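# An overview of the molecular structure
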Amino acid sequence: MNSLRNSAFERLFQAHAEPLFAFLVYRTGDRQLAEDLVADTFERVLRTRTRFDPRRGSERNWVYAIAVNLVRDQARRQSVETRALERVGAHEPRPPHDGALGAVDDRDELGRALLTLSDDEREAIALRFGADLKLREVARVLGERDSAIEKRISRGLEKLRRELQSPA
């Protein structure tokens, strides 16, 4: 097993923090949450650096796999909290994110269209286009076959196309 030294950690942070943030904003639609998730990702990278094994994949894939798992954990926590608050009547149901993607109409429309995708489709598309990972890298991050990810992305893009072309 290989361990990341401090200088390697700093290099890893410099190389991946900005694109990871872009991916997380794209994935969550929430800049503040994305900032928190970047910090949590690199905290976990630092804590688990001795377990990184370059034979199992690149550092980039490892970092994104950690981030994807944190996004999933956060979504589960949010879902549990929302359901609990709704049960006690302390909370009005609301959409998971209203798409705080900016003031531009096209961006808002894209945000609404992304919400029509399944979580798996949104995640694959966010990794492919938000994080600019190659198909094979997306498959590795998600631990699935290339062909399954290719179909998921294709299906998601087709749904987006239909949603964006339909009259409002």
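Computed from a predicted structure; not experimentally measured.

## Some remarks on the overall build of the chain
The helix and strand inventory of the chain stands at seven helices and zero strands. Ordered by position from N to C terminus, the α and β elements of the chain give α-α-α-α-α-α-α. Out of the 168 residues in the chain, the part that is buried amounts to 39%. The long-range fraction of contacts in the chain, counting pairs at least 24 apart against all pairs at least 6 apart in sequence, stands at 64%. Approximately 10500 Å² of the chain is accessible, and the part contributed by carbon and sulfur atoms is 47%.

## Here's the deal with the nonpolar core
Membership of the largest hydrophobic core comes to 39 residues, with the highest contact counts inside it found for Leu20, Phe23, Leu24, Phe42 and Leu127. Those elements giving two or more residues to this core turn out to be helix 1 (6–28), helix 2 (31–47), helix 3 (59–87), helix 4 (105–114), helix 5 (119–130), helix 6 (135–142) and helix 7 (146–165).

## Thoughts on the packing of aromatic side chains
In this structure the tally under the stated criterion is four aromatic pairs. Ring centres 6.1 Å apart and planes at 80° place the aromatic pair Phe9 and Phe42 in the edge-to-face group. Taken together, the residues span a long stretch of sequence, with Phe9 in helix 1 and Phe42 in helix 2 at a distance of 33 residues. One exposure class covers both Phe9 and Phe42, and it is buried. Ring pairs connect the aromatic residues Phe9, Phe13 and Phe42, which therefore count as one cluster.

## Concerning the pattern of salt bridges
Tallied over the entire structure, the rule returns 13 salt bridges. A salt bridge links Glu137 to Arg60; the nearest nitrogen and oxygen atoms lie 3.8 Å apart. Here Glu137, found in helix 6, pairs with Arg60, found in helix 3; they are 77 residues apart in sequence, far enough to count as distant. Judged by relative accessible area, which is 25%, Arg60 ranks as partly exposed. Residues Glu158 and Arg162 are paired through a salt bridge, measuring 3.8 Å at the closest nitrogen-oxygen approach. With Glu158 and Arg162 both in helix 7, this residue pair falls four residues apart, about one helical turn. Looking at Arg162, the relative accessible area reads 48%, which means it is partly exposed.

## Some remarks on helix 5
Turning to helix 5, its buried residues are Glu121, Arg122, Glu123, Ala124, Ile125, Ala126, Leu127 and Gly130. Within two residues after helix 5, Asp132 carries a phi angle of roughly 60°, on the positive side.

Thresholds applied
Residues numbered from 1 in each chain as written. Predicted model: local features only at pLDDT ≥ 70, side-chain atom pairs only at ≥ 80, totals over all residues. Heavy atoms only, no water. Helix = DSSP H or I, 4+ residues; strand = E, 2+ residues; numbered from the N terminus. Buried < 20%, exposed > 50% of the residue type's maximum accessible area, 1.4 Å probe, protein only. Contact = heavy atoms within 4.5 Å. Areas by Shrake-Rupley, 256 points an atom, 1.4 Å probe, with all protein chains shown as cover. Core = buried A, V, L, I, M, F, W, Y, C linked by side-chain atoms within 4.5 Å. Phe/Tyr/Trp six-rings, centres within 6.5 Å; stacked < 30°, edge-to-face > 60°. Salt bridge = Lys/Arg side-chain N within 4 Å of Asp/Glu carboxyl O.

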